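Read off the chains here:
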Amino acid sequence: MLEVKNLTRKFDDKIAVNNISFQVKPGVVTGLLGPNGAGKTTTMRLITGFLQASSGDVIYNGKSTLEENIELKKKLGYLPESAPLYPEMKIDEYLQYMASIRGIATGEQKARIDEMVQLCELEAKMQSLIGHLSKGYKQRVALAGTLIHDPELIILDEPTSGLDPNQISHIRGLIKKLGKEKILILSTHILQEVEDICDEVIIIHNGQIVANSSVKGLHSGYKMLVSTNAETKAMESIFSQGIFQGVETHDTLGEGFYSYLVNMSEYKPEAVFESMRNSSFKVREIKVHKKSLETIFSELTK
C-alpha cells in the first residue's frame, strides 16, 4: 500500500501542497484530478521523490520513502506529462538503454523489450529516430520505458496526451489491466478517461484534497430519481425513515405525474424500489441520479 501522510510542500511563501493525506491500494486505479495549478504534479513529484517534502511523509509497504527513497524508485514507474526521451536515439536503442539502467539482467532484456514493443504497439517504428516520431508515438515509447522493469507502483501524468482515438482506447485498456495488479495513480484532465478507467478519485484544489471517493460514490451522492403520480407530502411520508433523508421535487411531468430526488444515507437503490412497490402509487421510472463528473468537478473546484 502507498500512504501519503500530512504531506506539505512550500515554494518560498506559496504552499503548493497543504497537509494532504490519502491511501492508494493495489488492484484499483486511482485518479488524481484538479485544475491547473492545484498541486497534482507537485504531489506526484513528492511521492516519487523528485521533490523533497517540507513536512509529512510518504509510506510504501510500511517504510518511509524519506529514509529509503532509492528502494522506492527501483519499484517505481513514473511517466511525467512531458515525456523524457532522447530524440537522437532509435526506439530499440532507447528501450535497450532503459532496460540496462533499470537493472534488468542482460539475458532477460530482449524478452522484456519485445514484450513492451508489443504492449505499446511500436513494431512499425523500431528503427525510427525518436526525434522524428509523432507526439503519439513518442508518448507510447515513453510509456514502454516507464513499464519495462515491471514496476510495482505506477504513476502516469496525462498518459494519453497526443494519441489518436484508437491509441487512446488501447492505452486505456492497458492501464485498466495494469491497475488490477499494481498500485496505479493516473492524473488526467480528460474526465471521460476517469469514467472509463478509474475506480477511486482524489480531487485536489488549491493544494488541498476536496474529494476522496469511489467514482460511483462521487457520482451518485446516494440519490434516486423517481417519476410517479404521488404528490410531495405522500413522497415525504414514504421516504421519511431509515436510510432515507428526505425528498426533493425535481420536475413536473404533466398528466398528474412528478419526478422527485430521494436522498439516502447509503447506496441502496433496491430500498427505493421496494418502498414504491409497497405504495399504492403508479411509477413510470426509477433510476440512479448521477451528476456529470464535469458538474461535480466544477462545484468542488470553484
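Note that the structure is a prediction, hence the values are computed from the model and not measured. (Residues numbered from 1 in each chain as written. Predicted model: local features only at pLDDT ≥ 70, side-chain atom pairs only at ≥ 80, totals over all residues. Heavy atoms only, no water.)

1. Some thoughts on the pattern of salt bridges
Heads up, the condition is: Put simply, a salt bridge is a Lys or Arg side-chain nitrogen that is within 4 Å of an Asp or Glu carboxyl oxygen. The helix count covers DSSP runs of H or I at least four residues long, the strand count covers runs of E at least two residues long, and both are numbered beginning at the N terminus. Buried, partly exposed and exposed residues are distinguished by accessible area as a fraction of the type maximum, computed with a 1.4 Å probe on protein chains only: under 20%, between the cut-offs, and over 50%, respectively.
Counted according to the given criterion, the structure contains 13 salt bridges. Across the pair Lys182 and Asp150 runs a salt bridge whose closest N-O atoms are separated by 2.7 Å. Of this pair, Lys182 sits in the loop between helix H6 (165–179) and strand S8 (183–187) while Asp150 sits in the loop between helix H5 (135–147) and strand S7 (153–157); the two residues are 32 residues apart in sequence, bridging distant segments of the chain. Taking the relative accessible area as the measure of exposure, Lys182 reaches 10% and is therefore buried. Salt-bridge contacts for Arg172 lead to Asp196; the nearest nitrogen and oxygen are separated by 3.0 Å. Taken as a pair, Arg172 in helix H6 and Asp196 in helix H7 (residues 191–197) lie far apart in primary sequence, 24 residues in all. The buried category is assigned to Arg172, whose relative accessible area is 15%.

2. A word on the environment of Leu191
Keep this limit in mind: The criterion used for residue contact is that any of the two residues' heavy atoms lie within 4.5 Å.
With respect to the helices, strands and loops of the structure, Leu191 is situated in helix H7. With a relative accessible area of 12%, Leu191 lands in the buried category. It is 6.7 Å that separates the C-alpha atoms of Leu191 and Leu293, two residues lying 102 residues apart in sequence. With residues near it in sequence (within four places) discarded, Leu191 still touches Leu33, Leu293, Glu294 and Phe297.

3. Quick look at a nonpolar patch on the surface
Applicable threshold: Here, patches come from residues exposed beyond 30% relative accessible area and free of salt bridges, joined within 9 Å for like charges and within 5 Å for nonpolar side chains (Val, Leu, Ile, Met, Phe, Trp, Tyr). Surface exposure here means Shrake-Rupley accessible area, sampled with a 1.4 Å probe, where a residue is shielded only by the protein chains that are shown.
A contiguous nonpolar patch, built from Tyr86, Tyr97 and Ile101 and spanning about 280 Å² of accessible area, is present on the exposed surface. If you trace the backbone, Ile101 turns up in helix H3 (residues 91–101).

4. Regarding the sheet that holds strand S5 (residues 63–64)
Definition in use: At least two DSSP bridges between two strands are needed for those strands to be called paired. For helices, the fitted line uses only the C-alpha atoms of the stretch in contact; every axis is such a line through C-alpha atoms, and the angle between N-to-C directions lies from 0 to 180 degrees.
With antiparallel pairing, the 4 strands of this open sheet are ordered in space as S2-S1-S4-S5. Two strands lie at the open edges of the sheet, namely strand S2 (14–24) and S5, each paired on one side alone. Alignment of strand S1 (residues 2–11) against strand S4 (residues 55–60), held across 5 bridges, turns out to be antiparallel. Paired with Thr8 across the strands is Ser55, a residue of S4. Strand contacts of helix H1 (residues 40–48): S1, S2 and S4, with the helix running at about 60° to S2, the strand carrying the most contacts.

5. What about the layout of surface pockets?
Our working definition: Each cavity reported here is a set of points on a 1 Å grid over the protein atoms alone in which a 1.4 Å probe fits but cannot get out, each pocket an open set with protein on both sides within 12 Å along at least five of seven lines, and each lining residue one with an atom within 4 Å of a point. Grid points are joined across faces, edges and corners, and a volume is the space filled by probe spheres set on the points. When residue character is reported, Ala, Val, Leu, Ile, Met, Phe, Trp, Tyr, Cys and Pro are called nonpolar, Asp, Glu, Lys and Arg charged, and the others, Gly included, polar.
Taken as a whole, the largest pocket holds about 420 Å³ of empty space. Of all the secondary structure elements, the ones that give two or more residues to the lining of the largest pocket are strand S6 (76–79), H3 and H5. Counted by class, the lining of the largest pocket contains 12 nonpolar, 4 polar and 2 charged residues. Together, 18 residues line the second largest pocket, and Asn36, Gly37, Ala38, Gly39 and Lys40 are the ones closest to its centre. At the level of secondary structure, the elements contributing two or more residues to the lining of the second largest pocket comprise S2 and H1.

6. Considerations on unusual backbone geometry
Its identity as a non-glycine residue notwithstanding, Asn6 has a phi of 50°, on the positive side. Along the chain, Asn6 falls in strand S1. The class of Asn6 is partly exposed, set by a relative accessible area of 39%. A positive phi is found at Asp150, a non-glycine position, where the angle reads about 55°.

7. Observations concerning the pairing of strand S10 (residues 208–214)
Relative to S10, strand S9 (residues 200–205) runs antiparallel, the two being bridged by 6 bridges. By the bridge assignment, Glu200 is partnered in S10 with Ser214. Counted between consecutive antiparallel strands, the loop separating S9 from S10 contains 2 residues, among which Asn206 sits at a positive phi close to 55°.

8. Observations regarding the packing of aromatic side chains
Put simply, the test is: Pairing of aromatic rings covers Phe, Tyr and the six-membered ring of Trp, with a centre-to-centre limit of 6.5 Å; geometry is then stacked below 30 degrees between planes, edge-to-face above 60, and tilted otherwise.
In total, this model carries 5 aromatic pairs according to the counting rule given. Summarising the aromatic geometry, the rings of Tyr86 and Tyr94 are spaced 6.5 Å apart at their centres and angled 45° between planes, so their arrangement reads as tilted. A relative accessible area of 35% places Tyr86 in the partly exposed class. Relative accessible area serves as the criterion here: at 4%, Tyr94 is assigned to the buried category. Consider the rings of Phe239 and Phe244, whose centres lie 4.8 Å apart with planes at 80°: the pair is edge-to-face.

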